[in-house]
Structure formats: structure tokens, C-alpha cells
Amino acid sequence: MSKITVSLIKADVGGWPGHCSVHPALIERAEEVLNEAKASGAIMDFRVLACGDDLELIMSHDRGVDDAEIHGLAWQAFEMATSVAKGLKLYGAGQDMLCDAFCGNIRGMGPGVAEMEFTERGAEPLVAFMMDKTEPGAFNLPIYKIFADPFNTAGLVIDPSIHHGFIFEVWDVLEHKKVLMSSPEEMYDILALIGAKSRYVIKRVFPKPGKLPADEPAAVISTEKLYQTAGTYVGKDDPVALVRCQSGLPALGEVLEPFALGHLVSGWMRGSHNGPLLPCGFDYAHPTRFDGPPRVVAAGFQICNGMLNDPVDLFADIAFDLTRMRVLEIADYMRAHGPFEPHRLPMEDMEYTTLPHVTKKLADRFQTAGS
Ligand code: F6R
Ligand code: MG
Ligand code: MG
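Source: prediction; values computed, not measured.

**Focus: the coordination of the magnesium ion (ligand 2)**
Point 1. For the magnesium ion (ligand 2), every protein donor is listed as Asp12 (OD), His19 (ND1) and Asp53 (OD), and the spread of their distances is 1.9 to 2.3 Å.
Point 2. A spacing of 4.9 Å is found between the magnesium ion (ligand 2) and the magnesium ion (ligand 3), which share aspartate 53 as a donor.
Point 3. When its relative accessible area of 2% is taken as the criterion, aspartate 12 is described as buried.
Point 4. Owing to a relative accessible area of 29%, histidine 19 belongs among the partly exposed residues under this scheme.

This is how it looks when you write it as C-alpha cells:
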């Protein structure tokens, strides 16, 4: 059986307008680049999508993860889209292109990457999740629920092929370390870490030995900027994830179920506010209110011999309408708090802050507080 690789590589190379959405001309330009690569046989198939101001390249190929040619191709597509963005004077044109020239691996150069190599099964359903106005830790809660929460994933209780649980690879993005942990045995320890979602992020989930190869991930999440800058805090990075489903893995509906909560995530307005995550269809992934609320879209693929074929817009379903209404109400409530925590993030997690200027200005007016 042959292995395939799916690479989801994303970058914000210009917003239309502000940080709201991706101009169709950027999507067209990226499609031209990837079409040529497909025609030359460098990749098997691709789709170019968008979430908020992020351009999302989904590619299938047989070159494995961290391949210089595939990463170089993504870089080239982003460069071409950047020149279109500059021509149209789009906002922040080229903002995620942190390096001048491609140097072999796109990780650490600005774009975000989620990619996995696996043996294509007889039928291979895969979901590409794309978020805007939030950070990789936003995936902690849903990924945990999908692979470890029996109240979310019925299969953990009633399907013998997943009853023994999954292995979580958790990264400490400050210390630049990772640990493999086993669920359900270490469930509480896993939660103790990943509840601190700005520091500990789930990077991958693996099946345990059984129906599927234990070294082929069931899920992978992008963590790029955090990875690159481990040791110092430099802000959010709109994340993406790939999750495989069915027969020996959680069902498609179990993979989507955690998003019915509309959980609170960080990264709204100036990367400095908490707000509820709005699951929405592709046509609604244009955050406008207070640059948000943060969005997630889900593209469902049924891979066939390496071909991605057209995705299904999974959150377009009316089954998520109630979630959306609740999220909008929660967004309203959070907004009413203005600059107060916990709507605004705690100081150490803020992306923009004038606080040092304010404290400096007031330094000689501060007095020892007596009784
Ligand atoms: C949040 C985000 C936006 C910008 C905001 C200010 O992650 O992207 O909310 O932070 O629009 O943008 P600048 O500083 O570019 O004017
Ligand atoms: Mg932007
Ligand atoms: Mg973005």
C-alpha cells in the first residue's frame, strides 16, 4: 500500500480590506502556480481556500513531510500572491513572508504548516480545519474532545478499534520541548498541561497499535511562529489542522462535534482579546465585527488515490446555526467588557500594549501604598 502526504500550508500575504479576507486575485494566482506544479507531476492534487485574511494551500503528494520541493512550491505561490497583493495595495501585503529568500524548509519563515504522511486506506476521509484571529492553542480543546472525551466521541466507549485511546504529542512552546502522553491513562495530566493553551499545545495525535499504523498521525496542528521563537513570546499565529476520520479513528461527526460549543479562544482584535470561536461556511469566513469574532472553517475531503477532489464545506450545515447564534450572543457579552480582562488578555499574552509607556509616564507619581 502506498503512502501519501497531505500538506496544508498557510500565510497571510495581504488582507482585503484590513485583516478581513483574501482577495480572489490572490487565490487565482496561487492556483496558477499550483496548477503548473500539478501538470509537471510535482504534486498530485491541490485546493486553494481562504479563512479570514489567510491564504490556505492544501496539497497532496508523495514526497513526505518537510520536503524542500513542496515547501519551496508553497513559498513560490505565496511570493506570487504577495506581488499581486502589492499591486492591489492590499493591507499588510507579504506580512507573513518573514524571510527574503526560501532556504529549504518553510517552517520558521512565517507561514504555518500542518502536514502528515500516511497509508491511504480503502476509503480516506480527512478534514482540513482553518482558523483566523486566534492561536494554535485554540485547537487544544476540540482535539482533546475528539480523541479523549467519551462524552464527545461515542466510539471511545463503543467501538473496539478505538476503545484503547490515543497518544497525544504535546509541545511546550516556551521551553521548546515535547512529550508523548497516553489517553485515557494520563487524561488528567494531559488536561493539566493543555488547559494552559498559550504554552502547551497539542501538535499531533497518534493511534495506538491496532487497526492502523501507530506511527502515522491521526491529527496534526500547525504551531509555526511559536516553534520558531520558542523562548520568547511573540504573539499569535492563525492555526490550521488536518484530522483523519472513520474506521479506527473518530467518525466525521465526532471530529466536528466539539465545534458546536463555540469555545473561548485568544486572538480577537489585535491578537489581544478572548472571544468565542465561530464555526462557519467558507462564504462567511470574513471576520468583521471588532475584527472577529474568531472563525473556523472545515473542508471535508474524501481522498482517492492521492486526489483531494472537491471539499465539502462542513460547517455550512444548519446543524451549526444554534452554535452560531450562541456565539454571537457571547461575542456581544464579551465586547461589553471593553478593555477589561478576561475579554482583554492578561498582560503577558498581549500582542499590543501601551502599558510600559503608561507605567513609565506615571513612575514618579507612584507612591508607597500605606494602609
Ligand atoms: C488580529 C488582527 C487584527 C489586527 C488589527 C490592527 O489578529 O489581525 O485585529 O491586529 O486590525 O492591525 P494593524 O496593527 O495592522 O493596524
Ligand atoms: Mg492580516
Ligand atoms: Mg489571519
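Back to the write-up after that little detour.
**A closer look at the coordination of the magnesium ion (ligand 3)**
Point 1. Distances from the magnesium ion (ligand 3) to its protein donors, namely Asp53 (OD), Asp54 (OD), Asp132 (OD) and Asp238 (OD), fall within the range 2.0 to 2.6 Å.
Point 2. Here the donor residues for the magnesium ion (ligand 3) map to a single chain with the spacing D-D-x77-D-x105-D.
Point 3. For aspartate 54, a relative accessible area of 0% translates into the label buried.

**Let's talk about the domain arrangement of the chain**
Point 1. By the assigned domains, the chain splits into domain 1 (1–119) and domain 2 (120–358).
Point 2. One C-alpha centre belongs to domain 1, the other to domain 2; they are set 21 Å apart.
Point 3. Contact residues are listed per partner, giving 38 residues for domain 1 and 45 residues for domain 2.
Point 4. Summed over both sides, the interface of domain 1 with domain 2 buries roughly 3200 Å², with 64% coming from carbon and sulfur.
Point 5. A per-residue breakdown of the area domain 1 buries against domain 2 is headed by Arg47, Cys51 and Met116, which together make up 18% of the total.
Point 6. Ionic pairing is found between aspartate 237 and lysine 10, a salt bridge with its closest N-O pair at 3.6 Å.
Point 7. Viewed at the interface, domain 2 and domain 1 are joined by twelve residue pairs in polar contact (both at pLDDT 80 or more).
Point 8. Where the side of domain 1 that touches domain 2 is concerned, the elements lending two or more residues are β1 (3–11), β2 (45–51), β3 (54–61) and β4 (112–119).

**Observations regarding the side chain of serine 21**
Point 1. By the element assignment, serine 21 lies in the loop between β1 and α1 (24–39).
Point 2. Using a relative accessible area of 6% as the deciding quantity, one classes serine 21 as buried.
Point 3. A polar contact is formed between the side chain of serine 21 and the backbone oxygen of tryptophan 16, at a distance of 2.7 Å.

**Some remarks on the site of ligand 1**
Point 1. Close to ligand 1 lie His19, Tyr91, Lys133, Gly267, Met269, Arg270, Gly271, Asp291 and Tyr352.
Point 2. At a separation of 2.8 Å, an oxygen atom of ligand 1 approaches a polar side-chain atom of tyrosine 91.
Point 3. Between arginine 270 and ligand 1, the recorded distance is 2.9 Å, taken from a backbone N or O atom to an oxygen atom.
Point 4. When the free accessible area of ligand 1 is taken as 410 Å², the share hidden by the protein chains comes to 74%.

**Examining the pattern of salt bridges**
Oppositely charged side chains can form a pair if their charged atoms are brought close together.
Point 1. Counted by the stated rule, this structure contains 23 salt bridges.
Point 2. Here glutamate 32 and arginine 29 are joined by a salt bridge, their closest N and O atoms 2.8 Å apart. Taken as a pair, glutamate 32 and arginine 29 lie in helix α1 at a separation of three residues, close to a single helical turn.
Point 3. What you see here is one network of salt bridges that share partners, running through Lys38, Asp45, Arg47 and Asp310.

**Regarding the nonpolar core**
Point 1. Among the nonpolar cores identified, the biggest contains 39 residues, and Phe129, Ile143, Phe147, Phe168 and Phe259 are the most heavily contacted of them.
Point 2. With five residues, the single largest contributor to this core is helix α3 (residues 140–148).
Point 3. In this view, phenylalanine 259 contacts Phe129, Met131, Phe139, Pro142, Leu277, Pro279, Val296, Phe315, Phe320 and Thr323; residues no more than four positions away in its chain are not counted.
Point 4. Val33, Leu34, Val48 and Leu73 belong to the second largest nonpolar core, which has 30 residues in total.

**A short note on α1**
Side chains three or four residues apart in an α-helix point the same way, a direct result of the helix having 3.6 residues per turn.
Point 1. Between its terminal C-alpha atoms α1 stretches 22 Å, which fits the 22 Å expected from 16 residues at 1.5 Å a residue.
Point 2. Taken together, the buried residues of α1 touch β2, β3 and α2 (68–87).
Point 3. Once α1 ends, the next one or two residues include glycine 41, with phi positive near 90°.

What counts and what doesn't
Residues numbered from 1 in each chain as written. Chains lettered and ligands numbered in written order. Predicted model: local features only at pLDDT ≥ 70, side-chain atom pairs only at ≥ 80, totals over all residues. Heavy atoms only, no water. Donors = N, O, S within 2.8 Å, 3.2 Å for Na, K, Ca; no water. Buried < 20%, exposed > 50% of the residue type's maximum accessible area, 1.4 Å probe, protein only. Domains from an automatic or database assignment. Contact = heavy atoms within 4.5 Å. Buried area = accessible area lost by both parts, 1.4 Å probe. Salt bridge = Lys/Arg side-chain N within 4 Å of Asp/Glu carboxyl O. Polar contact = N/O pair within 3.5 Å; in protein donor to acceptor, adjacent residues only side chain to side chain. Helix = DSSP H or I, 4+ residues; strand = E, 2+ residues; numbered from the N terminus. Near = heavy atom within 4 Å. Areas by Shrake-Rupley, 256 points an atom, 1.4 Å probe, with all protein chains shown as cover. Core = buried A, V, L, I, M, F, W, Y, C linked by side-chain atoms within 4.5 Å. Expected span 1.5 Å × (residues − 1).

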